[in-house]
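If you want the building blocks of each chain, they are given just below.
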Amino acid sequence: MKKYFKTIYHIFEKDILLELKSIEVINSMLIFSLLTVIVFSFIFEPGAEYKIDLVGGILWMAIVFAGILGLNKSMMSEVNGGNLNALLLAPVDKSAIFFGKVLSNFIFLIFMEIVTIPVFTIFYNVNIFKHTLLSIPVFILGTYGFSVLGTLFSIISVKSRTREVMLPILLLPLMIPIILAAIQSINIFIKGDTISDADRWIRLIAAFDLIFTFVVYAIFDYIVEE
Amino acid sequence: MKLEKVIDFLSFILILVALYFAFIYAPVEKVMGPVQKIFYFHVASAWIAFFAFFVTFICSIFLLATNRYIFDDIASSSAGIGIIFCSIVLITGPIWAKPIWGTWWTWDPRLTTTLILWFIYVGYLMLRKFIDEEDKRAKFAAAVGIVGFIDVPIVFLSIRWWRTIHPNVLQKGGGGLHPDMITSLIVSVIAFTFLYLMLMNKNLKIKALERKILTIENE
């Protein structure tokens, strides 16, 4: 068990070191998410009242699109030079390697959100933390779910001939529960509606995270064995 | 006669019988009129689509567990057939909905889930097209087949929650079918099941031949 977590940590450490040297993944995600936030602002007239119903969706779309970009980039760096194959040959649990990648992708995404959300708050003049701090678990749980499925599908799509296209095609339909639940709960928090209404949405994200962590853990070794 | 020929023959006959039952035997619905006839094929297609994706799911698990390509053949054939019937569902649904509900499409949970199901398996089939190595293709596709099928109940659950928060515009008035309609529906479902078996059979044969050609070419 200890060895398992150690493997996860080493993969994570490797990714962070690599990222600190180049800052390619986070940079591209960040610029993309900020741009998405700004481009989406053209949906409505400045100062329009109904924007409050839309902003939660816009924020999550920015996160999802930037996340897909980042996943592609982070997995490409593994494939270049045959690094991924070398990792999978290592005498450790293959799912530990997978969860190491999930962890580093998760941290990259969280970092991107830490920068995007305040900028978003300023541009759209809405505070998602005004009524409750419950938005934080929504972002953490949602981002984790996105990382688990996203890492799995980026490993799969990177081996196909149309890698950039394949990832969103596989990922987006499967991500619908998380995207929907995250948008709904963030909308509740922004509007300051009954906070307990968001309860089941958060539970849904948590259930989704658990189910997919377990399923991917169960099948991953079989998928990548040569 | 070989079993294969029997299935071919039976599915041909049964489809004819199903047509008879749907168009002649079953009474015309009082309110909806002839457009209701689409129901027999719509429901039967939906059943086949879900059943086909379930077969893909089971065979994907078997493939990962046993590593035998026959399961990959069954899984991919089933997904292909499932997509065809899922498309039929998504086409016949709006044709019925326009005169009855007054709109082609509504984001009802069942409709939304079916559409998402369609997208998941289109992704599955596209992925298969774009991976060249046979071993990787089988295993990666199996992963999508498993994860995709598990996602469907979650999607259904989540959008149902969503729709109960908002007022539901279109409530389905269910039940109250005439016994003859139920008989026709059952006949139709059985006929479509045989059609599925026939298509599956043909597909598996093609896959086996493809594999044969591939081994001859590699020699």
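Above this text you will find the structure in question.
Counting restarts for each chain, with residues numbered from 1 along the sequence as it is written. Each chain is given a letter, starting from A, and each ligand a number, starting from 1, according to the order in which they appear as written. Residues qualify for local features only when their pLDDT is at least 70, as the model is predicted, and side-chain atom pairs are given and counted only at 80 or more; totals for whole chains, interfaces and linings, by contrast, use all residues. Water and hydrogen atoms were dropped before computing side-chain values, which therefore reflect all heavy atoms in the structure.

Things to note about the overall build of chain B
So the rule is basically this: Runs of H or I in DSSP of at least four residues are treated as helices and runs of E of at least two as strands, each being numbered from the N terminus. Exposure categories follow from relative accessible area, calculated using a 1.4 Å probe and restricted to protein chains: below 20% of the type maximum is buried, above 50% is exposed, and the middle band is partly exposed. By the convention used here, residues are in contact when the closest approach between their heavy atoms is within 4.5 Å. Using the Shrake-Rupley algorithm and a 1.4 Å probe, accessible areas are obtained, with residue cover drawn only from the displayed protein chains. By the counting scheme adopted, Arg and Lys are positive, Glu and Asp are negative, and His together with the chain ends is not counted. A charged residue contributes its charge at one atom only: NZ of Lys, CZ of Arg, CG of Asp or CD of Glu.
The secondary structure content of chain B amounts to six helices and zero strands. Starting at the N terminus, the α and β elements of chain B follow one another as α-α-α-α-α-α. In terms of its C-alpha atoms, chain B occupies a principal-axis envelope of roughly 65 × 50 × 25 Å. Taking all 219 residues of chain B together, the buried fraction comes to 43%. Partitioning the intrachain contacts of chain B with sequence separation of at least 6 by distance along the chain shows that 79% fall at a separation of at least 24. Carbon and sulfur atoms provide 72% of the accessible area of chain B, an area that totals close to 11,500 Å². One way to put it: in chain B the 20 positive side-chain charges average out to a point 7 Å from where the 15 negative ones average out.

A closer look at the overall build of chain A
The line we're drawing: Using C-alpha atoms as the atom set, the radius of gyration is obtained and then compared with a globule rule of 2.2 Å times the number of residues to the power 0.38.
Along its length, chain A carries eight helices and zero strands. Mapped from its N terminus to its C terminus, chain A presents α and β elements in the order α-α-α-α-α-α-α-α. Expected size for 226 residues packed as a compact globule is a radius of gyration near 17 Å; at 18 Å, chain A falls within 12% of this value. In terms of overall dimensions, chain A has C-alpha extents of about 55 × 35 × 30 Å along its principal axes. Counting every position in chain A, which comprises 226 residues, the buried fraction comes to 51%. Put simply, 81% of the contacts in chain A that link residues at least 6 apart link residues at least 24 apart. For chain A, the distance from the average position of its 16 positive side-chain charges to the average position of its 18 negative side-chain charges is 6 Å.

Side note on a nonpolar patch on the surface
Residues and elements named next belong to chain B. Quick reminder of the rule: In this scheme, patches are assembled from residues that exceed 30% relative accessible area and form no salt bridge. Like charges are connected within 9 Å, while nonpolar side chains (Val, Leu, Ile, Met, Phe, Trp, Tyr) are connected within 5 Å. Salt bridge criterion: a side-chain nitrogen from Lys or Arg within 4 Å of a carboxyl oxygen from Asp or Glu.
A grouping of Phe-9, Phe-12, Ile-13, Leu-16, Val-17, Leu-19, Tyr-20, Phe-23, Ile-24 and Tyr-25 is seen on the molecular surface, where their side chains present a nonpolar patch of about 960 Å² in accessible area. Among the secondary structure elements, Tyr-20 is positioned in helix α1 (residues 3–25). Overall, the relative accessible area of 43% leaves Tyr-20 in the partly exposed class.

Here's the deal with the interface of chain A and chain B
What counts here: A 1.4 Å probe defines the accessible area here, and the buried area is the portion of it lost by two parts on being joined, summed over both. Each polar contact in these results corresponds to two N or O atoms within 3.5 Å; when the atoms are within protein, one needs to be able to donate a hydrogen and the other to accept it, and residues that are neighboring in sequence are counted only if both atoms are side-chain atoms. Ten residues, namely Ala, Val, Leu, Ile, Met, Phe, Trp, Tyr, Cys and Pro, are considered nonpolar, four, namely Asp, Glu, Lys and Arg, are considered charged, and the remaining ones, Gly among them, are considered polar.
Of the residues lining the interface, 30 residues belong to chain A; the matching set on chain B comes to 33 residues. Approximately 3,000 Å² of surface area, both sides summed, lies buried where chain A meets chain B, with 76% of it carried by carbon and sulfur atoms. Joining chain A to chain B, the criterion identifies one salt bridge. For the salt bridge of Asp132(B) with Arg161(A), the shortest nitrogen-to-oxygen distance reads 3.1 Å. Here chain A and chain B share three residue pairs in polar contact (both at pLDDT 80 or more) between them. For the side of chain A that touches chain B, the elements supplying multiple residues, two or more each, are α6 (135–157), α7 (163–191) and α8 (199–224) of chain A. Tallying contributions element by element places α8(A) first for the side of chain A that touches chain B, with 10 residues. Looking at the side of chain A that touches chain B residue by residue, the class counts come to 22 nonpolar, three polar and five charged.

Some words on the packing of helix α3 (residues 69–101) of chain B against helix α4 (residues 109–130) of chain B
All names here are of chain B. Put simply, the rule reads: Axes here refer to lines fitted to C-alpha atoms; in helices the fit is confined to the stretch in contact. Angles between the N-to-C directions go from 0 to 180 degrees. Crossing chirality is assigned from the near helix's rotation relative to the far helix, an anticlockwise turn below a right angle marking it left-handed and a clockwise turn marking it right-handed.
Between α3 and α4, whose axes approach to 9 Å, the crossing angle comes to 145°. In terms of crossing hand, the pair formed by α3 and α4 is left-handed. Between α3, through Asp-72, Ala-75, Ser-76, Ala-79, Gly-80, Ile-83, Cys-86, Ser-87, Val-89, Leu-90 and Trp-101, and α4, the contact on the second element is made entirely by Leu-111, Thr-114, Leu-115, Trp-118, Tyr-121, Val-122, Tyr-124, Leu-125 and Arg-128. Here the residues of the contact of α3 with α4 sort into 14 nonpolar, four polar and two charged.

Some thoughts on α6(A)
Our working definition: To estimate how far a helix should extend, the number of its residues minus one is multiplied by 1.5 Å.
With 23 residues, α6(A) ought to run about 33 Å at 1.5 Å a step, and its terminal C-alpha atoms sit 31 Å apart, in line with that. Counting buried residues along α6(A), 18 of its 23 residues qualify, which places the element largely inside the surrounding structure.

Looking at the packing of aromatic side chains
What counts here: Any Phe, Tyr or Trp ring, taking Trp's six-membered ring, that has another such ring centre within 6.5 Å forms a pair; planes under 30 degrees apart are called stacked, those over 60 apart edge-to-face, and the others tilted.
With the rule as written, the count across this model stands at 28 aromatic pairs over all chains. Ring plane angle 55° and centroid distance 4.7 Å describe the contact between Phe21(B) and Tyr25(B), whose orientation is recorded as tilted. Note that Phe21(B) and Tyr25(B) are positioned in helix α1 at a spacing of four residues, about one turn of the helix. On the basis of relative accessibility, which here comes to 16%, the residue Phe21(B) falls in the buried class. By the ring-pair criterion, three or more aromatic residues cluster together here, those being Phe44(A), Tyr50(A), Phe120(A) and Tyr124(A).

Some thoughts on the side chain of Ser77(B)
Of note, Ser77(B) is situated in helix α3. Taking relative accessible area as the criterion, Ser77(B) reaches 2% and is therefore assigned buried.

Keep in mind these values describe shape, not function.
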